[in-house]
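Notes for the structure review
Residue strings, one per chain:
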Amino acid sequence: MLSRTQFTVKNFICIIIKLMKRKISILGSTGSIGRQALEVIEGLDDKFEIIALAAGHNTDLLNEQIRKFKPKYAYADDESKIFGAKYITLDEICSDIGTDIILVAVSGKIGLKPTITAINNGIDIALANKETLVMAGDIVMPLAKEKGVNIIPVDSEHCAIHQCIKDISQVEKLIITASGGPFLHKSVTEMKNATVEQALAHPRWNMGRKITVDSATLMNKGLEVIEAHHLFAMDYDKIQVVVHPQSIVHSAIEYVDGSVIAQLGLPSMHIPIQYAITYPERYEGIKSKSFSFSEIARLDFEEPDWEKFKTLHIAYECGKLGGSYPVCMNAVNEEAVFAFLKGKIKLFEIIDTVEKMLELHKFIQNPSLDEIFEIDKEARAKTLELLSN
Ligand code: MG
């Protein structure tokens, strides 16, 4: 039996441990990144307290997660299907409810507004949502700077660069690696006639369907170049893409003196997720095995095939033009990828569609947030119209 003093001390320690835990909310907890983030958190359960979980329609899994991780709040598209946590909106999750960091792991433009709310509330962001920076990097990054908010990238390439950079003013260029996807050494004809299954058979990474198709066309790398430009305030001319099929070197930077620093690791999303949500601390976590150079044996690098992967060129051009171009490119690409996944168009038609729609695009130099959503909506509608003909 505990004495009264022992009981009080034990209670006091429990309170201190609870206070020391980092309070986290996850937007997109049932998606690929969200599920892996919960695996990371499970391995570090003395370090985190989950405040809120948000999902879309997968309420079965969300409720399972609620039972296991006991968040106070939850969001799902259908409020009535949440059990065991209080329903709040995405925007409320990003408001002042005691969260230290929010992992934005939803896919698509739905992540943008809540992220801005979180930044306005001074909450740090672990960012796994590409659209936030591709669509509104010029709004999001200055706002984060103004509010003193950290945006820690989850994407393995940007996470690698984040780990390599000490002083951005001394960096000469960013070197982003690309695995090359399933069509790296396939002919243009083979790629043109690719089935959905072939496009989804990524050789290295296990990801969601949309991003896997983007990896097959290399549009994913194009989006990452735009993200890197915003995250690290780097000119497009100083962002280089190199194909590295083994996905061991996750990206690198070259300093002005010619020194190159790269971040290496086994291709597991657990590592960058954990880095982003525990930054600046590091823990052993759920690391499955130690890194061994001799087991890796070789690392290959090659120039991307700009002819075959035209998307990369398109993304650089849109990024350099800036303003509304990346918004339009992203929206058209997403709709075209969905059409490909439904078997309505061929893989190369994704690229043709993006090119066609960009030619028709009416440029806006500095779109506001409302204009960004409007451009996105219009580009999607016009893409669907084009694809239905
Ligand atoms: Mg990536």
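Worth saying up front: this structure is predicted, and the values here are computed from it rather than measured.

1. Considering the coordination of the magnesium ion
The coordination sphere of the magnesium ion contains the protein donors Asp155 (OD), Glu157 (OE) and Glu224 (OE), at a distance range of 2.1 to 2.2 Å. Donor residues binding the magnesium ion come from one chain and are separated in sequence as D-x1-E-x66-E. Residue Asp155 is found in the loop between β7 (151-153) and α7 (156-164), and its partner Glu224 is found in helix α11 (residues 219-231); the two are separated by 69 residues along the sequence. The same class applies to Asp155 as to Glu224, namely buried.

2. Considering the sheet that holds strand β6 (residues 124-127)
Across the sheet, which stays open at both edges, the seven strands sit in the order β4-β3-β2-β1-β5-β6-β7 with parallel pairing between neighbours. The sheet is open, and its two edges are formed by β4 (86-87) and β7, each paired on a single side. Both strand β2 (residues 48-54) and strand β3 (residues 73-75) contribute to a ladder of three bridges, which runs parallel. From the neighbouring strand, Ala52 faces β3, where its bridge partner is Tyr73. On top of the sheet, helix α3 (residues 59-69) reaches β2 and β3; it is set at about 160° to β2, its chief contact.

3. Regarding the nonpolar core
If you look at the biggest cluster of nonpolar residues, it comprises 88 residues, and the most contacted ones within it are Leu27, Leu112, Ile151, Leu174, Met329 and Leu347. Of all the elements, helix α15 (residues 325-341) adds the most residues to this core, at eleven residues. Beyond its immediate sequence surroundings of up to four residues, Leu347 is in contact with Phe183, Met191, Lys192, Ala194, Ala199, Val213, Thr217 and Phe340. If you look at the next biggest cluster of nonpolar residues, it comprises 31 residues, including Leu53, Ile66, Ala76 and Ile277.

4. Things to note about unusual backbone geometry
The step from Tyr279 to Pro280 runs through a cis peptide bond, and the omega angle for that step is 5°. Here Pro280 lies in the loop between α12 (270-278) and α13 (293-296). Phi angles above zero are rare outside glycine, and Leu218 is one such case at about 75°. In this fold, Leu218 is placed in the loop between α10 (209-217) and α11. A positive phi angle is found at Ala233, which is not glycine, with a value near 45°.

Rules behind the numbers
- Residues numbered from 1 in each chain as written.
- Predicted model: local features only at pLDDT ≥ 70, side-chain atom pairs only at ≥ 80, totals over all residues.
- Heavy atoms only, no water.
- Donors = N, O, S within 2.8 Å, 3.2 Å for Na, K, Ca; no water.
- Helix = DSSP H or I, 4+ residues; strand = E, 2+ residues; numbered from the N terminus.
- Buried < 20%, exposed > 50% of the residue type's maximum accessible area, 1.4 Å probe, protein only.
- Pairing = 2+ DSSP bridges.
- Contact = heavy atoms within 4.5 Å.
- Axes fitted to C-alpha atoms, helices over the stretch in contact; angles between N-to-C directions.
- Core = buried A, V, L, I, M, F, W, Y, C linked by side-chain atoms within 4.5 Å.

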